[in-house]
Amino acid sequence: MNTLLLLPILAPLAAAALAAALGWRRLSAFVTVLASLSVLVSAAALGSRVGTGARFAVGHLLRADALTVTMLIIIGTVGTLATWASVGYINTEVAHRNTDQKGANLYGVLVPIFLSAMSLAVLTNNIGMMWVAIEATTVATAFLVGHRRTRAALEATWKYVVICSVGIALAFLGTVLLYFASLHAGASSGDALNIDVLLAHAGELDPAVTHLAAGLLLLGYGAKAGLVPFHTWLADAHSQSPAPVSALMSGVLLSVAFSALLRVKSVVDLAVGTGFLRAGLLIIGLLTLLIAASMLVVQTDFKRMLAYSSMENMGLVAVAAAAGTKLAIAALLLHVLAHGISKTLVFLTAGQLQAAHGSTAIADVTGVLARSRLIGIAFAVGLAVLLGLPPFAMFASELSISRALANAHLGWALGVALLLVVVAFAALVRNGSRMLLGPPAPSSPAIAVPRSVAGALVTGVILSVTLGLSAGPLTQLFRTAATMLGATQ
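In this report, the structure presented in the accompanying data block is examined.

1. Observations concerning the overall build of the protein chain
Of regular secondary structure, the protein chain possesses 19 helices and 2 strands. Taken over the C-alpha trace, the protein chain has a radius of gyration of 21 Å; the compact-globule value for 489 residues is 23 Å, and the two agree within 12%. In the protein chain, which comprises 489 residues, the proportion classed as buried is 61%. Expressed as a percentage of contacts within the protein chain between residues at least 6 apart in sequence, the contacts between residues at least 24 apart total 82%. Accessible surface, the protein chain: about 17,200 Å² in total, of which carbon and sulfur atoms supply 68%.

Structure, rendered in structure tokens:
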């Protein structure tokens with residue numbers, strides 16, 4: 001069991017060490033894909049045991065429960081697809097001189113470190129260590145955002161670092177205050193930030209200090225999750241990153257940061273009641289939806305369009321978390337899994353479209369379905385998932401979130417959220433149809449698809465369809481996670 005808990009952290013680190021020693025080579029790239037796959041294998045093995053509510057730990061540092069396994073499934077799935085596609089993507093970047101060998105080598109080292117940090121963030125049993133792991137993701141991805149070293153990429157990097165550093169500083173202050181409250185509730189100094197200890201002492205935490213800590217943690221981790229008010233880094237960073245990194249950031253990093261909020265919420269709700277974070281999540285979630293929908297309406301860049309779509313979905317996830325019922329939590333977990341796979345599809349296809357056209361302007365890309373069957377179908381499937389069309393999984397998750405909000409007597413929030421989702425839906429349909437349909441322009445370039453990218457896209461399409469038709473044993477896993485997080489009803 002200890003091996004299963006340590007493997008998602010150590011396997012990517014071993015891949016990073018090999019990449020540091022060999023540079024960007026076929027062997028090191030292959031080992032990184034295997035390391036990503038090992039995260040998924042560990043999640044599957046752990047899931048067979050925690051689906052009934054069991055929990056496993058390594059000392060006081062690591063733990064695995066249903067939420068951990070759910071997040072490891074997302075990290076492993078998206079990580080495997082993204083690292084698989086990276087092989088062809090980076091080789092093409094080097095061939096076209098968009099990056100040099102040194103940049104490729106740095107990419108090969110940082111991506112597995114990024115995966116390891118995210119795995120640690122969801123496996124740790126200590127809120128302080130969780131903060132360290134999420135801060136490590138900022139350090140690793142900062143260099144990945146600026147991978148191409150263009151002026152726009154460097155500006156996006158600095159914006160990402162500055163804004164997320166402010167957010168993570170707020171989260172640090174919230175963590176310190178929670179530690180203070182835990183000490184005064186009777187916890188020992190060595191265990192004061194242990195999640196199990198915090199849950200056991202939640203009723204004795206000072207309400208005023210806990211309120212302040214919760215607000216800071218909501219703002220801090222909300223910044224990493226792309227939520228208002230520290231959301232402005234998201235579109236720049238996701239649009240300038242290499243396509244596989246954009247997939248990892250949109251598909252995994254945002255949901256990992258939000259899982260930290262779910263951990264905190266389970267403690268705060270026991271300490272001061274559900275009202276405080278419910279109000280905060282509702283306000284922030286609806287404002288995030290509003291800004292994302294507004295930006296989607298006026299968007300002319302397809303990578304920024306996909307970034308604002310991620311922001312829209314995280315706003316919806318925040319609103320679902322505010323409801324706090326078992327149905328709402330289970331639905332949002334299904335939502336982030338489906339969102340992760342679909343964002344991988346659309347960002348990987350966007351990367352190939354950018355490489356072919358030398359541009360990310362929506363107006364420059366037409367007739368994709370007629371020019372490349374694989375890119376067109378993969379982009380269309382990813383877009384259909386994001387739009388919440390049946391039979392894909394986000395149709396079921398959004399329907400369940402709507403039902404959960406209605407059952408929680410949050411009909412007004414449901415009405416506002418649905419209105420904003422409809423606006424975002426219309427914008428995505430308009431822009432997506434412009435790119436996919438119609439005759440291609442006579443001067444349209446050929447769209448090259450490396451084999452590794454093609455393999456990742458085909459697998460992503462199969463996974464999206466399969467998850468839409470049946471969540472299978474994942475349904476019980478999501479319900480167990482909701483119960484473990486203290487969801488009501």
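Let's pick the thread back up.
2. Examining a nonpolar patch on the surface
A surface patch of nonpolar side chains, amounting to about 530 Å² of accessible area, comprises L22, L27, F30, L34, L37 and V41. Counting residues per element, the nonpolar patch draws most heavily on helix α2 (residues 26–50), at 5 residues. With respect to the helices, strands and loops of the structure, V41 is situated in helix α2.

3. Comments concerning the environment of V461
Structurally, V461 can be placed in helix α18 (residues 451–469). As for V461 and S397, which are separated by 64 residues in sequence, their C-alpha atoms are 18 Å apart. Those residues in contact with V461 that lie beyond four places of it in its chain are L345, A378 and V381.

4. Some points on the environment of L399
With respect to the element layout, L399 can be found in helix α16 (residues 393–407). Classification of L399 as exposed rests on a relative accessible area of 51%. C-alpha of L399 to C-alpha of W131: the two residues are 268 residues apart in sequence and 33 Å apart in space.

5. Here's the deal with unusual backbone geometry
Cis geometry is found at the peptide bond from V228 to P229, where omega equals 10°. Within the fold, P229 resides in the loop between α8 (207–224) and α9 (233–240). Between P390 and P391 the backbone carries a cis peptide bond, its omega angle lying at 10°. With respect to the element layout, P391 can be found in the loop between α15 (373–386) and α16. One non-glycine residue, R149, adopts positive backbone phi at about 60°.

6. As for helix α13 (residues 326–357)
In this model α13 runs 46 Å from its N-terminal to its C-terminal C-alpha over 32 residues, within 8% of the 46 Å that 1.5 Å per residue would give. For α13, the tally of buried residues reaches 29 of 32 residues, placing the bulk of the element in the interior. In the stretch just after α13, G358 is the one whose phi turns positive, near 65°.

7. Overview of the side chain of E398
Structurally, E398 is set in helix α16. One buried charged residue, E398, remains without a salt bridge, the closest side chain of opposite sign being K343 at 10 Å. Those residues in contact with E398, other than ones at most four positions away along the chain, are N313, L316, H335, L386 and G388.

8. Considering the pattern of salt bridges
Side chains carrying opposite charge are able to pair once their charged atoms draw close together. Taken as a whole and judged by the stated rule, the model has 9 salt bridges. Here K265 and D269 are joined by a salt bridge, their closest N and O atoms 2.7 Å apart. One end of the pair is K265 and the other is D269, both in helix α10 (residues 243–272) and 4 residues apart, which spans about a single turn. Here the two residues K265 and D269 agree in accessibility, since each one is buried.

9. Notes on α8
Under the 1.5 Å per step criterion, the end-to-end length of α8 is 26 Å for 18 residues, consistent within 8% with the ideal 26 Å. Turning to α8, its buried residues number three or more, namely V209, T210, A213, A214, L216, L217, L218, G220, Y221, G222, A223 and K224. Looking at the packing, one finds that the buried side of α8 touches α5 (127–145), α6 (151–184), α9, α10 and α11 (275–297). Between the side-chain oxygen of the N-cap and the backbone nitrogen of A208 there are 3.1 Å, and the N-cap of α8 in question is D206.

10. A few points about the packing of aromatic side chains
Applying the stated criterion to the full structure yields 3 aromatic pairs. Consider the rings of W131 and F172, whose centres lie 5.1 Å apart with planes at 50°: the pair is tilted. With W131 in helix α5 and F172 in helix α6, this pair connects stretches of sequence that are 41 residues apart. Of the residues examined, F172 reaches a relative accessible area of 41% and is grouped as partly exposed. Their ring planes at 50° and their centres at 5.0 Å tell us that Y160 and W233 sit as a pair that is tilted. With Y160 in helix α6 and W233 in helix α9, this residue pair connects regions lying 73 residues apart in the sequence. According to the relative accessible area criterion, W233 is buried, its value standing at 0%.

11. Some points on the environment of A338
With respect to the secondary-structure elements, A338 resides in helix α13. Its relative accessible area of 4% is what places A338 among the buried residues. The sequence separation of A338 and G251 amounts to 87 residues, and the corresponding C-alpha distance is 9.0 Å. Once you skip the residues sitting within four places of it in the chain, A338 turns out to touch V385, A393, M394 and L467.

12. So, the packing of α8 against α10
In a pair of packed helices, the angle between the axes and the distance between the axes together describe the arrangement. In contact at an axis separation of 9 Å, α8 and α10 are set at 170° when each is read in the N-to-C sense. On the basis of the axis angle, α8 is roughly antiparallel to α10. Contact with α8, carried on its side by P207, T210, H211, A214, L217, L218, Y221, G222 and K224, involves L253, L254, A257, A260, L261, V264, V268, A271 and V272 of α10 and no other residues of that element. Considering only residue class, the contact of α8 with α10 consists of 14 nonpolar, 3 polar and 1 charged.

13. Points about the side chain of T480
Relative to the elements of secondary structure, T480 occurs in helix α19 (residues 474–484). When its relative accessible area of 9% is taken as the criterion, T480 is described as buried. In terms of polar contacts, T480 uses its side chain to reach the backbone carbonyl oxygen of Q476, at 2.8 Å.

Rules used throughout
- Residues numbered from 1 in each chain as written.
- Predicted model: local features only at pLDDT ≥ 70, side-chain atom pairs only at ≥ 80, totals over all residues.
- Heavy atoms only, no water.
- Helix = DSSP H or I, 4+ residues; strand = E, 2+ residues; numbered from the N terminus.
- Rg over C-alpha atoms; globule rule 2.2 N^0.38 Å.
- Buried < 20%, exposed > 50% of the residue type's maximum accessible area, 1.4 Å probe, protein only.
- Contact = heavy atoms within 4.5 Å.
- Areas by Shrake-Rupley, 256 points an atom, 1.4 Å probe, with all protein chains shown as cover.
- Patch = residues over 30% accessible without salt bridge, like charges linked within 9 Å, V, L, I, M, F, W, Y side chains within 5 Å.
- Salt bridge = Lys/Arg side-chain N within 4 Å of Asp/Glu carboxyl O.
- Expected span 1.5 Å × (residues − 1).
- Lys, Arg positive; Asp, Glu negative; His and termini not counted.
- Polar contact = N/O pair within 3.5 Å; in protein donor to acceptor, adjacent residues only side chain to side chain.
- Phe/Tyr/Trp six-rings, centres within 6.5 Å; stacked < 30°, edge-to-face > 60°.
- Axes fitted to C-alpha atoms, helices over the stretch in contact; angles between N-to-C directions.
- Parallel < 35°, antiparallel > 145°, perpendicular 65-115°, else oblique.
- Nonpolar A, V, L, I, M, F, W, Y, C, P; charged D, E, K, R; others polar.

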